[in-house]
Number of protein chains: 2
Amino acid sequence: MHTEIDSLLIFLKEIDRLKSVERQCLIHNGGRHENSAEHSWHLALAALLFQGQAAKGIDINKAIKMALLHDIVEIDAGDTFIYADQAGKKEKELAAFQRLMSLLPSAQAIELTKIWEEFEEGQSQEAQYVQALDRFLPLYSNYLNEGYSWKKHGIQKAQVIAKNKPPMIAALPALWEKAQAMVDGWFKT
Amino acid sequence: MHTEIDSLLIFLKEIDRLKSVERQCLIHNGGRHENSAEHSWHLALAALLFQGQAAKGIDINKAIKMALLHDIVEIDAGDTFIYADQAGKKEKELAAFQRLMSLLPSAQAIELTKIWEEFEEGQSQEAQYVQALDRFLPLYSNYLNEGYSWKKHGIQKAQVIAKNKPPMIAALPALWEKAQAMVDGWFKT
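Residues numbered from 1 in each chain as written. Chains lettered and ligands numbered in written order. Predicted model: local features only at pLDDT ≥ 70, side-chain atom pairs only at ≥ 80, totals over all residues. Heavy atoms only, no water.

Q: Before we go on, may I ask you to explain the overall build of chain A in this structure?
A: For chain A, the count of helices and strands is 10 helices and two strands. When the helices and strands of chain A are placed in sequence order, the string is α-β-β-α-α-α-α-α-α-α-α-α. Here chain A has a C-alpha radius of gyration of 17 Å; the compact-globule value for 189 residues is 16 Å, and the two agree. Referenced to the eigenvectors of the C-alpha coordinate spread, the extents of chain A come out at roughly 60 × 35 × 30 Å. The proportion of buried residues among the 189 residues of chain A is 53%. (Helix = DSSP H or I, 4+ residues; strand = E, 2+ residues; numbered from the N terminus. Rg over C-alpha atoms; globule rule 2.2 N^0.38 Å. Buried < 20%, exposed > 50% of the residue type's maximum accessible area, 1.4 Å probe, protein only.)

See the structure below:
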C-alpha cells in the first residue's frame, strides 16, 4: 500500500516533466525557449512582487499557489500558443488535471483542485490578477526579444491588443499602460 | 524617475537569469541538467505538498516564499555543489542579495529581505522545512538518474548521509527514511 509520502514522490516525479514543456517565447536573454516550469516560478514571484498594484484585499498567498499550479496540465496537454486555435484545450487540460490529481493523497488533491478550478474559472480577483500577469510575461519577453514569437507566427498588433488588453487593464491598469507602450513601440519599428 | 513598475520590470528581467544557472543534478528524465529557476518552482510546490509532514503550526505560505527566493543569489554567485568547498559562499551570496534588493522598491526589498534572511539563518521551522526539502530534491534526482552527480564527482555514501541526514531527519523524519533507503539501495549496487 502506498503511504502519503510514496504518493507525493510519484507526483513530484510526474510534475518534473513540466521542465520539458517548451513555450513559444524565449528566456529574456534570447538564448533558448522558455519552459513551463521556470515560467511558473517567474509568475509566482511576479505575483509576490506586484501585490501593491493589485486590487485591495487580494489574497497574495492564494495567487502565488495559482501561479505555481496554473500550467501543470501542460504535462499532458502541452503549451497552447495564446494566438492559436483554442478548440479542445479546456477538455484536454481538465483530463490532464484529473489524471494528475488521481496520483495525490486526497487532502492534497482537494486543496490543489480548489486552487486550480478557481484560477480556471477566472472570477475571483486572485485569478484575474494571476491571469493578467500571465499575459504580461510573454509580452515582456517578446518586447525584450524583438517580437520573437509575434514575428515567427505573423501576429499583428491588433491581435496582441485584443488578447492582452482586456485581462490586463482590468486587473493591473498601470502595468497595462507600460505593456501598451511596449506593443506600440515594437510594432512601429 | 523610476516608478514602482519600472523598478519591478528591471527586477523581473534580472531574475530571469536564474533560468540560465545550471545545477549539478539532472531533471528527472535525465535529459539535461536542471536550472535553478525550475528547481525553485519544484521546491515551492514540494513545500505546498509536504505540509502534512511538517511540524505543527508551520506557516506554509512563508515556506513557499522562501522556496521561490532561496536561490536568486545564484544569479551572481552561481550554484555551489553541496559537496564542494563552501568557502566564500556566504559572502558572495550576501553581496548578490544586496545588489538584487537595491533594484527593488523599498516595500518589496524589505519583505524579500526578511524572508531570505530567515531562510539563511535556518532557525525557524519554516526555514528548516524548506532546507530539508531542498536537500531531498537533488538526492531524489540522483536516485532516479543512477547517482549521476554522486558518480561524476566521486561522492561517497558517508558524505551523502553526513550532508543530508541532519537537516532532513530533524524537519521531515518520515521522508528521511525514504531518502535513506534510496541512498542505501543505490550505493549497494
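Q: I'm lost on the interface of chain A and chain B in this one. Help?
A: Note: interface size is frequently given as the accessible area lost on complex formation between the parts. Chain A puts 54 residues into the contact, and the matching count from chain B is 53 residues. Buried area between chain A and chain B, summed over both chains or domains, comes out near 4600 Å², and the portion from carbon and sulfur atoms is 69%. Contact with chain B buries area across many residues of chain A, yet A:Lys19, A:Trp41 and A:Leu49 alone supply 17% of it, more than any other trio. Taken together, the links from chain A to chain B amount to four salt bridges. For B:Asp6, the salt bridge identified is with A:Lys178, shortest N-O distance 2.7 Å. (Contact = heavy atoms within 4.5 Å. Buried area = accessible area lost by both parts, 1.4 Å probe. Salt bridge = Lys/Arg side-chain N within 4 Å of Asp/Glu carboxyl O.)

Q: Help me out: how do you make sense of unusual backbone geometry in this one?
A: Glycine aside, the phi torsion of most residues is negative, and most peptide linkages are trans. A positive phi angle is found at A:Glu146, which is not glycine, with a value near 50°. The topology assignment puts A:Glu146 in the loop between helix 7 (125–144) and helix 8 (148–152).

Q: I keep staring at the packing of aromatic side chains and nothing clicks. Help me out?
A: The description of an aromatic ring pair rests on the distance of the ring centres and on the angle between the ring planes. Residues and elements named next belong to chain A. The tally for this structure, following the rule as stated, stands at 12 aromatic pairs over all chains. Each ring, one from Phe 97 and one from Trp 116, has its centre 4.1 Å from the other, and the planes form 10°; the classification is stacked. Separated by 19 residues along the polypeptide, Phe 97 in helix 5 (residues 89–102) and Trp 116 in helix 6 (residues 106–121) bring together distant segments of the chain. Phe 97 gets classed as buried once you look at its relative accessible area, which sits at 3%. (Phe/Tyr/Trp six-rings, centres within 6.5 Å; stacked < 30°, edge-to-face > 60°.)

Q: For this particular structure, what's the right way to read the relation of the copies chain A and chain B?
A: Note on the chain copies: they are related by a rotation about an axis and a translation along it. Overlaying chain A on chain B yields an RMSD of 0.0 Å, the required transformation being a rotation through 180° with an accompanying axial translation of 0.0 Å. Look at the turn and shift together and you get a two-fold axis relating the two. Closest approach to the rotation axis among the C-alpha atoms of chain A is made by A:Glu38, whose C-alpha sits 2.1 Å away. Of the interface residues in chain A, 98% have counterparts in chain B that sit at the interface too, so the contact is made through matching surfaces. (Least-squares fit on C-alpha atoms with pLDDT ≥ 70 in both.)

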